[in-house]
Amino acid sequence: MPLDETTWRAHAGDWIAVQGGDIVASGETYYQTLTAMGEAGIPDPEDCDFVAWVPEDDRAKFERWHTRVRAAHLEFRRRLRG
């Protein structure tokens, strides 16, 4: 399912894995999400755009969250590769 504000809010309090702009896995914990990714044929989180926790706070803004998560993931990848 495509990641947009509606699907994002539906996953509040869960971890989601996003690949190509679509939510490909989710779970209550990070490890449940990794397991769901494996079941979906995505064995490595590096193959995703990002894996992140969705805040439960109704005041959270989707665009701000999305921007921060993508930036954090890019920085993580940069540091991982040295």
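Fair warning: this is a prediction, and the values are worked out from it, not measured in the lab. (Residues numbered from 1 in each chain as written. Predicted model: local features only at pLDDT ≥ 70, side-chain atom pairs only at ≥ 80, totals over all residues. Heavy atoms only, no water.)

Comments concerning the overall build of the protein
The line we're drawing: Helix numbers and strand numbers start at the N terminus; a helix is a DSSP run of H or I with at least 4 residues, a strand a run of E with at least 2. The classification of residues rests on relative accessible area computed with a 1.4 Å probe and restricted to protein chains. Under 20% of the type maximum is buried, over 50% is exposed, and intermediate values are partly exposed. Whether two residues are in contact is decided by their heavy atoms: any pair within 4.5 Å suffices. For accessible areas, the Shrake-Rupley method is used with a probe of radius 1.4 Å. Any residue's cover is judged against the shown protein chains and nothing else. In this charge count, Lys and Arg are treated as positive and Asp and Glu as negative; neither His nor the chain ends contribute. For this purpose, a charge sits on NZ of Lys, CZ of Arg, CG of Asp or CD of Glu.
Within the protein, the secondary structure is distributed over 3 helices and 3 strands. What you see in the protein, going N to C, is helices and strands ordered as α-β-β-α-β-α. Along the first, second and third principal axes, the C-alpha atoms of the protein reach 35 × 30 × 20 Å. Across the 82 residues of the protein, 34% fall into the buried class. Counted over contacts in the protein with a minimum sequence separation of 6, partners at least 24 positions apart contribute 46%. A total of about 5,300 Å² of accessible surface is found on the protein, and carbon and sulfur atoms cover 51% of it. Side chains of the protein carry 10 positive and 15 negative charges; the gap between the two charge centres is 11 Å.

Considerations on the packing of aromatic side chains
Using the following cut-off: Aromatic pairing here means that ring centres of Phe, Tyr or Trp (its six-membered ring) are within 6.5 Å. Orientation follows from the plane angle: under 30 degrees is stacked, over 60 is edge-to-face, and everything else is tilted.
Tallying each qualifying case throughout the model produces 6 aromatic pairs. Aromatic pair Phe50 and Trp65: ring centres 5.8 Å apart, planes at 80°, arrangement edge-to-face. Here the residue Phe50 occupies a position in strand E3 (residues 50-53), and Trp65 occupies one in helix H3 (residues 62-81), the gap between them amounting to 15 residues. The two residues Phe50 and Trp65 agree in class, both being buried. Members of the aromatic cluster, joined through ring pairs, are Trp8, Phe50, Phe62 and Trp65.

Some points on the nonpolar core
In globular proteins that are soluble, nonpolar side chains generally tend to be buried together. Cut-off, in case you're wondering: By nonpolar core is meant a set of buried Ala, Val, Leu, Ile, Met, Phe, Trp, Tyr and Cys residues that side-chain atoms within 4.5 Å join together.
Core analysis: the largest hydrophobic core is formed by 12 residues, namely Leu3, Trp8, Ile16, Val18, Ile23, Phe50, Ala52, Val54, Ala60, Phe62, Trp65 and Val69. Among the elements of the structure, strand E1 (15-19), E3 and H3 are those that each provide at least two residues to this core. Considering every element that reaches this core, the biggest residue donor is H3, with 3 residues. Apart from residues no more than four positions distant in its own chain, Ala60 is found in contact with Trp8, Arg9 and Pro55.

Some points on the sheet that holds E1
For clarity, the cut-off: DSSP-based pairing: two strands are paired if at least 2 bridges between them are found. Angles here are taken between N-to-C directions and fall from 0 to 180 degrees, while the axes themselves are lines fitted to C-alpha atoms, restricted in helices to the stretch in contact.
Pairing within the open sheet is antiparallel, and its 3 strands lie in the order E2-E1-E3. In the strand order of this sheet, the two ends are held by strand E2 (22-27) and E3, each with one partner. Each strand axis lies, on average, 25° off the axis of its neighbour in the sheet, ignoring direction. Bridging between E1 and E3 involves 4 bridges; their strand directions are antiparallel. In the strand pairing of E3, Ala17 is matched with Val51. Across the sheet, helix H2 (residues 30-39) is in contact with E1, E2 and E3; its angle to E2 comes to roughly 130°. Against the sheet, H3 engages E1 and E3, with an angle of about 130° to E3.

That is the geometry; function is a separate question.
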